[in-house]
Amino acid sequence: MTDSVTMTPMNYSADRPRAANPVKVQDLSLRDGHQSLFATRGRTEDMIPVAEMMDEIGFWAVETWGGATFDTMHRFLNEDPWERLRALKRHFKKTPFSMLLRAQNLVGYRNYADDVARAFVDRAAENGMDIFRTFDALNDYRNFETVVDQIKKNGKHFQGCMCYSMTEPRMGGEVYNLDYYVGKAKELEAMGADSICVKDMAGLIAPYDAYNLVTALKAAVGAPIHLHSHFTSGMAQMSQLKAIEAGVDIVDTCMTPYAFRTSHPAIEPLVMTLLGTSRDTGFDIRKLAAINEVLEKQILPKYKHLLDDSKISVIDINVLLHQTPGGMLSNLVNQLREMDALDKIDEVYRQLPRVRRELGQVPLVTPTSQIVGVQTVNNVLYDTPDERYRMITAQVKDLCYGLYGKTATPIDPDVRKKALKGYPRGEEPIACRPAEVLEPELEKAKKDVGDLAADMDDLLTYALFPVTGRKFLEWKYGLAEAPASVKPITLEQVKKTDALVKKAKAGELVEKKTGTPAKSGRLRAFNVFIDGECFAVEVDPTGEIPAAVAPLAALSAAPQAAPIAAAPIAAPAPALAAAATVAGTKLAAPMPGLVIRYLKNVGDKVAKGEAVVVLEAMKMENALPAPCDGEIKTIGFKSGDTVAKGAALCVIG
Ligand code: CO
């Protein structure tokens, strides 16, 4: 036992004597937990069954919102993010709510204008948010100014984060050393932080570094210190314990089914570890066990298919090797897989540190982790021996312009120059607080979305996510039918699927239908190869086709494109069929993605290399250049459409 943690005789009961200095605990299951393990797909209806039980534990706070939840809910779950806050608040009567706020990026991936930022904080506070855990991907606290002012105006708790990053195998080196973090903590305290969080999003912090860091922070500032460390690399529980010995005030955990892997340490082992010590949490382990029972039996079976079970190991040692967040690594793998280029992964790992250095040694956290990751993939896939940075994402251009803020080290001048060539805001980067160059956005958004936004919450949903936000509002108000893919699954469906899988494994899968139905126009033939043998299989989808795959089907089956019109969101079938048949040079999607907007119309003349369409892939916007000179003959899609790799975005003739 160290000096700071003392033991008293063990007492298992919940009414055991209160510890001298109990560790406070924030639960992350309902935000970071499912974001880390289940692709942020947690539904409100699956949170409510445990809400009242969790409210009884004595958590310092429960994290319920922010991060990727806002995006995922409206995009993939057909849920109103604002409504989740209000719904959960009806069940959590005592425990404060906390959210992850990406400073001026709010819950999106770019800096929004000040008017949007202020309105967002107001509405979050009004809908029930208590603690605003605020971070900026570059640790540039000028990006905090507007939201912090608004958090304070609403009388809410401002938790200031420092993103924990490294360039060496351990804390230290030129950039991210102890002095750097102590300096950041002092900046946060001067801004009025009610607590200060070390945000270790990648699980990089090593136990003895955590001890030294917390010791230094406790000596330097008066605000409570909070440690947020992902389990990814396997060090988090050890780091948490060393931080507790160094006097950390608050730590983050998850309920066991939401814990470990790329998520966080579980609460139950921590309660037992500290039982009877001067830092005893005071939690009743039996109440925690009762919550686990509900989660295990009633909730998590609906999510287990989302768990990445491609690896046996629960720990990602790549994080120890590359000092890179696990989530970012899995994004890279997915992106490469979608482009049939998984064999390039080692080259991506090799180039990543170089690209990061050239882009100013930024911390790797959303959105900078994606910015660096996607650009590295683009470089690996599209660069030639004589030209690097051939396809620069819009976000890298913004970063080079200074739109995200100041990078830890200067951006490589050559890369910056290339990125800003023809950049619409100007070729000279800015040095001021980024939002100062942004025009107010709310009025314009209001005009664009019109009556579709019934209130300020709707308007913000649209202002933050114009393409998917509009789609969501159309579903919400019954102007378009939500596709089957956004509907929840039930426990009964899970049981059916499990039974099928069991049958398949036992070789009993083939079920004969009584009476052979007629083949439809949607029938597709596949060759299935099993252990060197080839089986010819015809697949005929029944029921509705998810909108996401409709354009794909239309392109591959041009003569039978008619059934596509029956898809829930009518894809522009005639134009699509035309795009597939019109003569000329196709601009093919280099990756699967979401069409944000076309920069050219049918009939426009374009020069080779001129940007034609903006395609969002892995949250990054890519302006795709014309493959040749000519005139736009047809346009294959519209804003909001999902496209497959190789889809003909337009034809130039
Ligand atoms: Co996190």
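For clarity, every value in this text was computed on a predicted model and none was experimentally measured.

Is there a simple way to explain helix H7 (residues 178–190) in this structure?
Each full turn of the α-helix corresponds to 3.6 residues, which orients residues three or four apart in the same direction. Over its 13 residues, H7 extends 19 Å from the first C-alpha to the last, a length consistent with the 18 Å expected when each residue adds 1.5 Å. Packed against the buried residues of H7 are strand S5 (157–163), strand S6 (195–200) and helix H8 (207–220). Directly beyond the C-terminal end of H7, a positive phi value near 90 degrees is found at Gly-192.

Teacher, can you tell me more about the side chain of Asp-252 here?
Mapped onto the fold, Asp-252 is located in strand S8 (residues 250–253). A polar contact of 3.1 Å, which involves the side chain of Asp-252, links it to the side chain of Gln-26. Within the local environment of Asp-252, its side chain forms a polar contact with the side chain of His-226, the two groups lying 2.6 Å apart.

Looking at this structure, how should I read the nonpolar core?
Inside soluble globular proteins, nonpolar side chains tend to come together where they are buried. Residues Phe-59 and Phe-120 are the most contacted members of the largest nonpolar core, which totals 107 residues. Take this core: its biggest share by element is seven residues, from helix H5 (residues 114–126). Contact partners of Phe-59, with chain neighbours within four places excluded, come to Val-25, Asp-27, Met-54, Thr-95, Met-255, Ile-267, Phe-283 and Leu-288. Leu-624, Ala-626, Ile-632 and Ile-652 belong to the second-largest nonpolar core, a separate cluster that totals 32 residues.

When you look at helix H10 (residues 267–274) in this model, what are you seeing that I'm missing?
Of the residues making up H10, those classed as buried are Ile-267, Glu-268, Leu-270, Val-271 and Leu-274. Along the axis of H10, the buried positions cluster into a sector of 165 degrees, meaning they face one direction only. Buried-residue contacts for H10 involve strand S1 (24–27), helix H9 (236–245), S8 and helix H11 (285–299). Just downstream of H10, Gly-276 is the residue with a positive phi angle, here 80 degrees.

Could you clarify how one ought to interpret the coordination of the cobalt ion in this entry?
Four donors placed tetrahedrally around a metal ideally meet at 109.5 degrees, and six donors placed octahedrally ideally meet at 90 or 180 degrees. Ligation of the cobalt ion by protein atoms is provided by Asp-32 (OD), His-228 (NE2) and His-230 (NE2), these donors lying 2.0 to 2.2 Å from the ion. Sequence spacing among the residues donating to the cobalt ion works out to D-x195-H-x1-H. Linking Asp-32 in helix H1 (residues 29–37) with His-228 in strand S7 (residues 225–229), this pair joins segments that are 196 residues apart in sequence.

Got a minute to help me understand the sheet that holds S8 in this structure?
Within a beta sheet, neighbouring strands are joined by backbone hydrogen bonds and run either parallel or antiparallel to one another. Strand order in the closed barrel formed by eight strands is S1-S2-S3-S4-S5-S6-S7-S8, with parallel pairing between adjacent strands. Each strand of the sheet is rotated relative to its neighbour by a mean of 30 degrees, with strand direction disregarded. Where S1 lies against strand S2 (residues 61–66), two bridges are found, and the strand directions are parallel. Across the sheet, Asp-27 pairs through a bridge with Val-62, a residue of S2. The sheet strands contacting H5 are S2, strand S3 (97–101) and strand S4 (131–134), and the helix crosses S3 at an angle near 160 degrees.

Explain the packing of H8 against H9 to me, please; I cannot follow it from the model alone.
Each pair of packed helices can be described by the angle between their axes along with the distance between the axes. One can describe the packing of H8 onto H9 by two numbers: an axis separation of 8 Å at closest approach and a directional angle of 30 degrees. One finds that H8 runs roughly parallel with respect to H9. Handedness of the H8/H9 crossing: right-handed. Residues Pro-207, Tyr-208, Ala-210, Tyr-211 and Val-214 of H8 lie in contact with H9, whose contacting residues are Met-238, Ser-239, Lys-242, Ala-243 and Glu-245. Partitioning the contact of H8 with H9 into residue classes produces seven nonpolar, one polar and two charged.

Help me understand the sheet that holds strand S14 (residues 611–617), please; the structure alone is not making it clear to me.
Strand order in the open sheet made by the four strands is S15-S14-S12-S17, with antiparallel pairing throughout. Each having just a single partner strand, strand S15 (620–625) and strand S17 (642–643) make up the two edges of the open sheet.

Please clarify how the pairing of strand S16 (residues 630–635) should be interpreted in this entry.
Regular strands place their side chains on alternate faces of the sheet. In this structure, strand S13 (residues 605–606) lies alongside S16, joined through two bridges in antiparallel fashion. Along S16, the bridge assignment pairs Lys-605 with Glu-631. When S16 meets strand S18 (residues 648–652), the two strands line up antiparallel, connected through three bridges. Paired with Ile-632 across the strands is Ile-652, a residue of S18.

Would you take a moment to explain the packing of aromatic side chains for this structure?
Remark: the centre distance and the inter-plane angle together describe each pair of aromatic rings, the angle taken between the planes. All chains considered together, the criterion is met by 19 aromatic pairs. Plain terms: the ring middles of Phe-38 and Tyr-258 are 6.0 Å apart, the flat faces sit at 85 degrees to each other, and that makes the pair edge-to-face. With Phe-38 in the loop between H1 and helix H2 (48–55) and Tyr-258 in the loop between S8 and H10, the pair connects residues that are 220 residues apart, well separated along the chain. Neither Phe-38 nor Tyr-258 differs from the other in exposure class; each is buried. Geometrically, the ring pair formed by Tyr-164 and Tyr-181 is stacked, given 5.1 Å between the ring centres and 20 degrees between the ring planes. Here Tyr-164 is found in the loop between S5 and H7, whereas its partner Tyr-181 is found in helix H7, with 17 residues between them in sequence. Using a relative accessible area of 0% as the deciding quantity, one classes Tyr-164 as buried. Grouping aromatic residues by their ring pairs yields a cluster made of Trp-65, Phe-70, Trp-82, Tyr-109, Phe-120 and Phe-465. We note Lys-89 situated over the ring of Phe-97; from NZ or CZ to the ring centre the distance is 4.2 Å.

When you look at the environment of Arg-356 in this model, what are you seeing that I'm missing?
In this structure, Arg-356 sits in helix H14 (residues 345–358). Residue class for Arg-356 comes out buried when judged on its relative accessible area of 7%. Taking the C-alpha atoms as reference, Arg-356 lies 8.6 Å from Gly-373; in sequence the two are 17 residues apart. With near-sequence residues (within four places) excluded, Arg-356 lies in contact with Ser-165, Met-166, Thr-167, Tyr-176, Gln-361, Val-362, Pro-363, Leu-364 and Val-372.

Could you clarify how one ought to interpret the pairing of S6 in this entry?
Buried residues dominate S6, accounting for six of its six residues. Here S6 shows no split at all, with Ser-195, Cys-197 and Lys-199 on one side and Ile-196, Val-198 and Asp-200 on the other all buried. Relative to S6, S5 is paired through five bridges, and the arrangement is parallel. Note that in S6 the partner of Cys-161 across the bridge is Cys-197. Following the backbone out of S5, through H7 and into the adjacent parallel S6, one traces a crossover that is right-handed. One ladder, built from five bridges, connects S6 with S7; its direction is parallel. Residue pairing across strands places Cys-197 opposite His-226, the latter belonging to S7. For the handedness criterion, the β-α-β arrangement of S6, H8 and S7 is classed as right-handed.

Where do I start with the pattern of salt bridges in this structure?
Two side chains that carry opposite charge are able to pair once their charged atoms sit near each other. Going through the model one piece at a time under the given rule, you end up with 44 salt bridges. As a salt-bridge pair, Lys-89 and Asp-130 come within 2.7 Å of each other at their nearest N and O atoms. Pair noted here: Lys-89 is in helix H4 (residues 81–89) and Asp-130 is in the loop between H5 and S4, with a separation of 41 residues, a long-range link. Looking at Lys-89, the relative accessible area reads 28%, which means it is partly exposed.

Reading the values: rules and limits
Residues numbered from 1 in each chain as written. Predicted model: local features only at pLDDT ≥ 70, side-chain atom pairs only at ≥ 80, totals over all residues. Heavy atoms only, no water. Helix = DSSP H or I, 4+ residues; strand = E, 2+ residues; numbered from the N terminus. Expected span 1.5 Å × (residues − 1). Contact = heavy atoms within 4.5 Å. Polar contact = N/O pair within 3.5 Å; in protein donor to acceptor, adjacent residues only side chain to side chain. Core = buried A, V, L, I, M, F, W, Y, C linked by side-chain atoms within 4.5 Å. Buried < 20%, exposed > 50% of the residue type's maximum accessible area, 1.4 Å probe, protein only. Arc of directions from axis to C-beta. Donors = N, O, S within 2.8 Å, 3.2 Å for Na, K, Ca; no water. Pairing = 2+ DSSP bridges. Axes fitted to C-alpha atoms, helices over the stretch in contact; angles between N-to-C directions. Parallel < 35°, antiparallel > 145°, perpendicular 65-115°, else oblique. Left-handed = near helix turned anticlockwise from the far one by under 90°. Nonpolar A, V, L, I, M, F, W, Y, C, P; charged D, E, K, R; others polar. Phe/Tyr/Trp six-rings, centres within 6.5 Å; stacked < 30°, edge-to-face > 60°. Lys NZ or Arg CZ within 6 Å of the ring centre and 35° of its normal. Right-handed = clockwise from strand over helix to strand, strands pointing away. Salt bridge = Lys/Arg side-chain N within 4 Å of Asp/Glu carboxyl O.

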